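# Structural features, examined
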Amino acid sequence: MNTAFLAAKKSLFTPEAHNDLIWAVIGSPWGLLACWLVLINVITFLIFGLDKWKAKRKEKNEAIRRIPEKNLLLLPVLGGSVGALLGMKVFRHKTLHRAFRLGVPVILALQILVPFGLWLYFQVIR
């Protein structure tokens, strides 16, 4: 009876081989960041496509509610700037609006340059 209890306890707390990769990715801050960036970019891309679909349907049906532009701009700020750029190109959506045409690439540039500048400061200059 005591060995059965120890065997059950051991099987509860030891990770399986197929779980090791998940914990290696999710347990690391870089893995969490990568998962977040993939998730937010896919969501942003899909939201841009949904808003374009709603824009086409709004001409026929006034009851359809569009996604507000502030929400469409918030998604790139949260990390979905690549998904927003792809959504703008693929769906040809918001390409004439200056806030999107200039704002999304500026957000992407800042998201690349600020971490690089911080790395440069803390690793090289300091």
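It should be noted that the structure appears before, not after, this text.
Below is a summary of the structure that appears in this document. (Residues numbered from 1 in each chain as written. Predicted model: local features only at pLDDT ≥ 70, side-chain atom pairs only at ≥ 80, totals over all residues. Heavy atoms only, no water.)

## Quick notes on the layout of surface pockets
So the rule is basically this: A cavity here means a set of points on a 1 Å grid, drawn over the protein atoms and nothing else, where a 1.4 Å probe fits but cannot get out; a pocket is an open set with protein on both sides within 12 Å along at least five of seven lines, and a residue lines either one if it has an atom within 4 Å of a point. Grid points are joined across faces, edges and corners, and a volume is the space filled by probe spheres set on the points. Secondary structure elements follow DSSP: runs of H or I of four or more residues count as helices, runs of E of two or more count as strands, with numbering from the N terminus. Under this grouping Gly is polar, as are all residues other than the nonpolar Ala, Val, Leu, Ile, Met, Phe, Trp, Tyr, Cys and Pro and the charged Asp, Glu, Lys and Arg.
By volume, the largest pocket amounts to about 320 Å³. Contributing to the lining of the largest pocket are Trp30, Leu33, Leu37, Asn41, Leu78, Gly79, Ser81, Val82, Leu108, Gln111, Ile112 and Pro115. If you list the elements that add at least two residues to the lining of the largest pocket, you get α3 (29–58), α4 (69–91) and α5 (98–125). Each residue belonging to the lining of the largest pocket can be placed in one class, and the counts come to eight nonpolar, four polar and no charged.

## Here we look at unusual backbone geometry
Operational definition: When accessible area is computed with a 1.4 Å probe and restricted to protein chains, residues below 20% of their type maximum are described as buried, those above 50% as exposed, and intermediate ones as partly exposed.
In this structure, Arg92 takes a positive phi of about 50° despite not being glycine. Position of Arg92 among the secondary structure elements: in the loop between α4 and α5. The class for Arg92 is exposed, based on a relative accessible area of 68%. Not every positive phi belongs to a glycine, and Lys94 is a case in point at roughly 65°. Within the secondary structure, Lys94 sits in the loop between α4 and α5.

## Comments concerning the environment of Met88
To be explicit about the condition: The contact criterion used throughout is that any non-hydrogen atoms of two residues lie within 4.5 Å.
Positionally, Met88 belongs in helix α4. For Met88, a relative accessible area of 6% corresponds to the buried category. Along the chain, Met88 and Phe48 lie 40 residues apart, while their C-alpha atoms are 7.1 Å from each other. Beyond its immediate stretch of four places on either side in the chain, Met88 contacts Phe48, His93, Lys94, Thr95, Phe100, Arg101 and Val104.

Purely spatial values, then, with no claim about function.
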